[in-house]
Amino acid sequence: MEIFKVSYKVRRKNSDEIYKAFGFRHHSDATQYYVHPNNQSINGTTSLCQPIGEGLSLFSELVRSARNGDSSIDGDYFANDDGTQIFLSIFMPEDWRDNEVIESNIFRYDALLEENRITIAAYDDMGRWLDGDMEHLRPLYKLLPCFCLLLAHECFKDKDFNQLFMRYISDPVADLFVNLHEDFYQAHKADEYEVTYANLSGFDIGGWLSFRESYKVIAENEAVVKQERTIKVDKFPEKTFAKEYRELIPVLPEEFETPKAVKAICSAITEGDAIAVLFHGPAGTGKTMSSKLVCQEIGLPIMDVVNCTENLDEFVLGKFLPQDDKILFKESYVTKAIREGGAVVFEEINFAKPQYLAFLNSLLDDNGFVRLDNGEVVRRHKNFRFFATMNLGYFGTKELNQALYNRFNIVVELATLSDEAIRKMLTTRVPECENVVEKVLGVYHKLKKKIESEELDVVISPRNLENWVRLAKYEGYVHAAENTIVSIAKCDRVLEDTIRGIIVLYKWS
């Protein structure tokens, strides 16, 4: 039985609404929210159906209840040691019966998945199995526990799907719902299952992993992480560095706040427990800015910022230059930092040619030093600090040499900036955009989802948004987008038209 394909042919007689699904209905066109790269519909459209949609609604209620540690809906799902068997038991909320989403006498569903075999069972308010065969359950009601069970299995075996699902649990919005529905369908639309109806009351799940229990542990750990804590930052004494170098300590605009994850490592850098720090993450997440924020927090001058895509060459430590009638070695600010203390920042370090980074192996060793082209050996000053940034998987990048990677004391992955951070940045720098900033964020998220889902070799970052709102002051948002947002498509005409289509969805004036 190809239950995923069957699900599009089945709907409730009393309503075509997908219960608790943002007003979506059976066969709703949700193309504006998301199109899966493997979508094979004639028109390339995304449509939703009741059985999958309501399975997603019900299962998300169960997981949200487990994550929150409440009893808004009772039940659990379990997996055996190798994940080849999944068992689900879910007590149906009263409103699902009141609204005739399920039959009035069904109070609990059990379901068991063993390879491609699904067994389901329904029980009354006394916990008694509703005897008979599956035919006494109308088609939609027997598909509901099937999809809840398969969603449990999908979350167990597919980390990417589970991560997306957990985002939806934390922030249930329409576009994530469509994304989950479509990914789930496209991954299994050709799968066949043998579905039977039988009493599962005596099924033994002893020793199986309970996901309600595991979510309880996760929730407890997340609560600890979320607890407000005072982060003490140790700074370099004011006169640690020469006056001319103290002027190089960053002083950043007030809209830049040091993230807690970055602030937490400051004291380790000051005290010398961390000499080298690597920030990595997508474009526009503030990797270089994080280096500057650290240095501002601890009072550390940045002696040089080296862009490895352009400026890193064999003369990074200095070069011989003619002076009067002599040829003298002139050391770089990188070398000055190594000799006298201070920080250097290497941007996009994984763009650099490995031979130009070779000196870092000795510099970042326990007894750090560099050998200059004039033969001098410069020992690393106790107050020298090295910061590097990199994007992973971008065109032109390389894998960082493992020996060099291991020399970083701290490696920080910076997540995409939150909406709150982007909103603050845009409205502070370009106050004129305040009345449309939510629309700008809407365009940003729609484009990000398309890029990620289709694995496109393009990037949209908060920098693009800032350029857009700045130019829009002079020619409006639709026209300004051509040279700031549409241009990220890099002459891909189809993508350019898609971006224009997203932008014109919004009213800008």
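Before any of the text, the structure's been laid out above.
Described in the following lines is the structure provided in the data block.

Each value, and the rule that gives it
Residues numbered from 1 in each chain as written. Predicted model: local features only at pLDDT ≥ 70, side-chain atom pairs only at ≥ 80, totals over all residues. Heavy atoms only, no water. Core = buried A, V, L, I, M, F, W, Y, C linked by side-chain atoms within 4.5 Å. Buried < 20%, exposed > 50% of the residue type's maximum accessible area, 1.4 Å probe, protein only. Helix = DSSP H or I, 4+ residues; strand = E, 2+ residues; numbered from the N terminus. Contact = heavy atoms within 4.5 Å. Disulfide = S-S within 2.5 Å. Phe/Tyr/Trp six-rings, centres within 6.5 Å; stacked < 30°, edge-to-face > 60°. Lys NZ or Arg CZ within 6 Å of the ring centre and 35° of its normal. Salt bridge = Lys/Arg side-chain N within 4 Å of Asp/Glu carboxyl O. Pairing = 2+ DSSP bridges. Axes fitted to C-alpha atoms, helices over the stretch in contact; angles between N-to-C directions. Parallel < 35°, antiparallel > 145°, perpendicular 65-115°, else oblique. Left-handed = near helix turned anticlockwise from the far one by under 90°. Nonpolar A, V, L, I, M, F, W, Y, C, P; charged D, E, K, R; others polar.

**Quick notes on the nonpolar core**
In this structure, I3, F59 and I118 are the most contacted members of the largest nonpolar core, which totals 65 residues. For this core, the element with the most residues is helix α4 (residues 139–157), which contributes 10 residues. The contacts of I3, once residues within four sequence positions are left out, are I118, L143, C146, F147, L150, D191, Y193 and V195. Core analysis: the next-biggest nonpolar cluster, separate from the first, contains 53 residues, I302, A337, V345 and F346 among them.

**Concerning the state of the cysteines**
Here the structure, examined in full by the defined rule, presents zero disulfides. Lacking any disulfide linkage, C146 is separated from the closest cysteine sulfur, that of C148, by 9.4 Å. Since its relative accessible area comes to 1%, C146 is described here as buried.

**Details of the packing of aromatic side chains**
One pass over the structure, following the stated rule, counts 28 aromatic pairs. Aromatic side chains F161 and F184 sit 6.1 Å apart centroid to centroid with 40° between the ring planes, which places their arrangement in the tilted category. One end of the pair, F161, is in helix α5 (residues 159–170); the other, F184, is in helix α6 (residues 174–188), with 23 residues separating them in the sequence. Residue classification places F184 among the buried residues on the basis of a relative accessible area of 1%. Ring geometry for W468 and Y477: centres 5.8 Å apart, planes at 80°, overall edge-to-face. Owing to a relative accessible area of 0%, W468 belongs among the buried residues under this scheme. In textbook terms, an aromatic cluster arises when at least three aromatic residues are bridged by ring pairs, as seen for F22, F24, Y33, Y168 and F177. The ring of F107 has R97 sitting right over it, with the charged end atom 3.7 Å from the ring centre. It is R108 that lies over the ring of Y123; its NZ or CZ is 3.9 Å from the centre.

**Focus: unusual backbone geometry**
When glycine is set aside, most residues are seen to have a negative phi, and most peptide bonds are trans. Despite not being glycine, D324 shows a phi value in the positive range, around 55°. Residue classification places D324 among the exposed residues on the basis of a relative accessible area of 77%. Of note in this structure, K490 is not a glycine but carries a positive phi near 55°.

**A short note on the pattern of salt bridges**
Per the stated rule, a full pass over the model turns up 24 salt bridges. With a closest N to O distance of 2.7 Å, R339 and E331 form a salt bridge. Put simply, K450 and E454 hold a salt bridge, and the shortest N to O gap is 2.6 Å. With relative accessibility at 21%, the residue K450 sits in the partly exposed group. What you see here is one network of salt bridges that share partners, running through E482, R493, E496, D497 and R500.

**Considerations on the sheet that holds strand β7 (residues 276–280)**
Taken in spatial order, the five strands of this open sheet run β8-β11-β14-β7-β15, and their pairing is parallel. The two strands at the open ends of the sheet, each matched to only one other strand, are β8 (302–307) and β15 (410–413). Averaged over all neighbouring strand pairs, the angle between strand axes comes to 15°, with direction disregarded. Of the pairings in the sheet, the one linking β7 to strand β14 (residues 384–390) comprises five bridges and is parallel in character. Residue pairing across strands places V277 opposite F387, the latter belonging to β14. Strand contacts of helix α11 (residues 287–298): β7, β8, β11 (342–347) and β14, with the helix running at about 160° to β14, the strand carrying the most contacts.

**So, the sheet that holds strand β5 (residues 194–197)**
Read across the open sheet, the six strands follow the order β5-β4-β3-β2-β1-β6; overall the sheet is mixed. The open sheet has two edge strands, β5 and β6 (209–210), and neither has a second partner. The strands touched by helix α2 (residues 50–68) within the sheet are β1 (75–79) and β2 (85–91), with β1 carrying the most contacts at an inclination of about 90°.

**Some remarks on the packing of helix α15 (residues 419–429) against helix α16 (residues 437–453)**
It is at 11 Å that the axes of α15 and α16 come closest, and there the two elements cross at 130°. Of the possible angle classes, the one that applies to α15 and α16 is oblique. Every pair of crossing elements has a handedness; the one defined by α15 and α16 is right-handed. Listed contacts from α16 to D419, I422, R423, L426 and T427 of α15 are V437, E438, V440, L441, Y444 and H445. Residue classes in the contact of α15 with α16 are distributed as six nonpolar, two polar and three charged.

**Some remarks on the pairing of β5**
The two faces of β5 differ: V195 and Y197 on one face are buried, but E194 and T196 on the other face are not. Relative to β5, strand β4 (residues 117–123) runs parallel, the two being bridged by four bridges. Paired with I118 across the bridge in β5 is V195.

**Considering the packing of α16 against helix α17 (residues 462–475)**
Remark: α16 packs on α17, axes separated minimally by 11 Å, with the N-to-C direction vectors making an angle of 140°. For the element pair α16 / α17, the angle class is oblique. Here α16 runs over α17; the crossing is right-handed. Counting all contacts with α16, which are made through V440, V443 and Y444, the residues of α17 involved are P462, L465, W468 and V469. The class makeup of the residues in the contact of α16 with α17 is seven nonpolar, no polar and no charged.

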